[in-house]
Every structure is written in structure tokens, then in C-alpha cells.
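This is what each chain is made of:
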Amino acid sequence: MDFTLKQVETFRTVYETTSVSDAARRLGVSPASVSATLGTLEAALDLRLFDRTRQRLVRTPEADLLYEEVRRLNVGLSALSRKVAEIKGTAQPRLRLGSIHAYSGALIRDALPRFRQRYGQTPLYLQLRDSNILRDMVVAGELDMALVADESELDGLLGYCLARLKAVVVFPRGHPFGRRATLCAQDLGDADLIVLNAHDASRRRLDAWLADAGVSVHCAIETPYSNTICQLVAAGHGVGIANPASLTPQDAQQLDYRVLDGPAHFECHMILNANRPLSAAGKHCASCLREAIAPLVARFGA
């Protein structure tokens, strides 16, 4: 006894409509096709499923019993379809992302809305930490991907450089620096600078450049985060040298900035665990992250 899903679906539709023409409209086929498929199914099952009248079809007791089995089968197929959709959406319970604070704005404002347009049902887990902590979490399998700076050791990981961004000098609106198109090392000599910690790779590049230029600067405050630099500048504590990715639309109300004309720059790397392939959702998220960082590269690319 052989029959096809097409025959079963035709039977179910005819049973629910008790009309060949109504079933044909629902299935998007001709009435002749419905009649032929139904006849083939009755012959394969050796059962009479409907009594034909002039205007309608009358269900037989055998059709009632068969419909109950088909209905249960259809529930199972619907559940299977939902499971396949879940598998397509994510091969893991949730997508786990990490980022250093400087790139959290691009991640939250730009990348996540793009991602959730396609994978709105995929749960997300987000960690904002230092580069080295994020690296350890990716290695340990606690994160699927992370955006880090270049001071993080990348051995054993898949690493992709998404951006090299020129450093910017951040200052309060109305500051004399606002009259300059760009700023150079000599402009920083008399300022109270707010900078990143000495171990930061971008800070080391800045220090080396200033030393080569013979410029001695006063580092008034050090902090691990470019976001904090912007907050300190807004509070009137000095002039900051920051990652342009950390600037927010809210900062524009109080702060201004100029690109620092020199080799000082900030890098953004996406890191993945080489032994944990990304799901389809993870691959799409990685693409969204690249798209979110691209405008920064276009504007501040080193």
C-alpha cells in the first residue's frame, strides 16, 4: 500500500470542505486534479472515502477514521516544521556576544537591530568586558564571538581585523581646538590629557609617537575605557584622546573632537573559537557586526 503526502493533503482538504471545487481552490489546482488524486488514493487504500451526490461529497465512516489519523500526523509535521525553523535560526540555545566598551555603541545601536530583524527569536547574551577577559571567555567556549582591541593575544583563535581607526582628541564645545581642522603632537603639550592606561596597545603607540616628536605631555587622568574619557572631558577634567567609536550622539551636545594627525590609532578585531563553528544566526550576526563597524572605517580609517 503506497500513497503520497500530496494524496493525504488532498484527502484532508476534501474532507474539510466536502467539495472538490472548494478543495481545488484551497490547494491551487484544478478540480479534475483533485478528483484524480482522490481516486488514486482510494484505489491505493482499497477504501471508499466519500459517497458522491449531485452537489456535495458525503464522508464515509472510513473517511472519519482516516481523517483522525491524518490530523494527528499533521500536528506532528507542524511540530517538526517548527523544530526545523528553530534549527535554522540557531544551532545553540542562545547567541553569546562580547565587546569591549568602545564598540558597544556600534553593537547595540546598529548591529543588534539588523540581527534581530532576521533572528528576532534567537536569545542573546551580551558581555562588555576588557579584551583579555573576552579572549579567555571565547577560548573557554563561554562566548561565540567578541570584538576586542589588539592588545589581546589571538593564538588559538580565529581573528579578523575589522577596523583601524585614527585617534581623536575630544574636548568641550567652545575649546580653542575647535578652530583647528586637525591636531598634531605639538598641540597636546600644554593640555591636561585624559588617556587610556599605559598597558593599552593604542596608548603605547601614542606614547611612542609623542616621544619621537619630542613632545612632553601631562597625563592628568588614566582610565581603561574611551567611554570614560568622554565622560571625564564632559565633566571638565581636561582634553581626552579616545577611540572615535566611543563617541555617542549624546556626546555631540557637549563635546567636539578633531582627528589626531599621526600614527596613533585603535584597532577592532572580531575573534571566534576555531573549534566551535558558528550557526547560521552566528554567521549573520558576524556580518551585522562588520556592517556596523564599516561607517567608522569610512570616516576614521587609519
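None of these values were measured; they are calculated from a predicted model.

**Quick look at the domain arrangement of the protein chain**
So, point 1. The domain boundaries assigned to the protein chain delineate domain 1 (5-87), domain 2 (92-164 + 267-300) and domain 3 (168-263).
So, point 2. For domain 2 versus domain 3, the distance between C-alpha centres works out to 26 Å.
So, point 3. Residue-level contacts link twelve residues of domain 2 with 15 residues of domain 3.
So, point 4. Regarding the contact of domain 2 and domain 3, the summed buried area is about 1100 Å², with carbon and sulfur atoms giving 51% of it.
So, point 5. Where domain 2 touches domain 3, the interface holds one salt bridge.
So, point 6. Taking the shortest distance from any N to any O, the salt bridge between D150 and R205 comes out at 2.7 Å.

**Looking at the pairing of strand 4 (residues 124-128)**
Each regular strand carries side chains that alternate between the two faces of the sheet.
So, point 1. The pairing of strand 3 (residues 95-99) with strand 4 spans five bridges and is parallel. Looking across to strand 4, one finds that G98 is bridged to Q127.
So, point 2. At this point the chain moves from strand 3, through helix 5 (residues 104-118), to the parallel strand 4, and the crossover so formed is right-handed.

**Section: the pattern of salt bridges**
So, point 1. Applying the stated rule across the entire model yields 15 salt bridges.
So, point 2. Taking the shortest distance from any N to any O, the salt bridge between E222 and R203 comes out at 3.2 Å. Residue E222 is found in strand 9 (residues 218-223), and its partner R203 is found in helix 7 (residues 201-212); the two are separated by 19 residues along the sequence.

**Considerations on the packing of aromatic side chains**
So, point 1. Under the counting rule described, the total for this entry stands at six aromatic pairs.
So, point 2. When the centroid spacing of 5.9 Å and the interplanar angle of 50 degrees are considered together, the rings of F11 and Y15 count as tilted. With a gap of four residues between them, F11 and Y15 both fall in helix 1 (residues 5-17), about one helical turn apart.
So, point 3. Take F11: its relative accessible area is 0%, and that puts it in the buried class.
So, point 4. Overall, the relative accessible area of 10% leaves Y15 in the buried class.
So, point 5. Among the aromatic residues, those joined into a ring-pair cluster are F11, Y15, F50 and Y67.

**Comments concerning the pairing of strand 3**
So, point 1. Across the five residues that make up strand 3, a large majority, five, are buried.
So, point 2. Alternating residues of strand 3 divide into L95, L97 and S99 and R96 and G98, and every residue in both groups is buried.

**Re the sheet that holds strand 7 (residues 168-172)**
Hydrogen bonds along the backbone pair up the strands of a sheet, which may run parallel or antiparallel.
So, point 1. Overall, mixed pairing links the five strands, which are arranged 9-8-10-7-11 in an open sheet. The outermost strands of the open sheet, each flanked by one partner alone, are strand 9 and strand 11 (255-259). In this sheet, adjacent strand axes meet at a mean angle of 30 degrees when their direction is disregarded.
So, point 2. Here strand 7 pairs with strand 10 (residues 239-242) via three bridges, running antiparallel. Within strand 10, the position partnered with V168 by the bridge is A242.

**Concerning the nonpolar core**
So, point 1. Of all hydrophobic cores here, the largest spans 69 residues; its most connected members are Y103 and L260.
So, point 2. It is helix 9 (residues 280-300) that provides the largest number of residues to this core, a total of nine residues.
So, point 3. Inspection of this core shows a minimum of three residues originating in each of domain 2 (92-164 + 267-300) and domain 3 (168-263).
So, point 4. Look past the residues within four positions of L260 in its chain and what remains in contact with it is A167, V168, V169, L183, C184, L188, L206, W209 and I241.

The rules we used
Residues numbered from 1 in each chain as written. Predicted model: local features only at pLDDT ≥ 70, side-chain atom pairs only at ≥ 80, totals over all residues. Heavy atoms only, no water. Domains from an automatic or database assignment. Contact = heavy atoms within 4.5 Å. Buried area = accessible area lost by both parts, 1.4 Å probe. Salt bridge = Lys/Arg side-chain N within 4 Å of Asp/Glu carboxyl O. Pairing = 2+ DSSP bridges. Helix = DSSP H or I, 4+ residues; strand = E, 2+ residues; numbered from the N terminus. Right-handed = clockwise from strand over helix to strand, strands pointing away. Phe/Tyr/Trp six-rings, centres within 6.5 Å; stacked < 30°, edge-to-face > 60°. Buried < 20%, exposed > 50% of the residue type's maximum accessible area, 1.4 Å probe, protein only. Axes fitted to C-alpha atoms, helices over the stretch in contact; angles between N-to-C directions. Core = buried A, V, L, I, M, F, W, Y, C linked by side-chain atoms within 4.5 Å.

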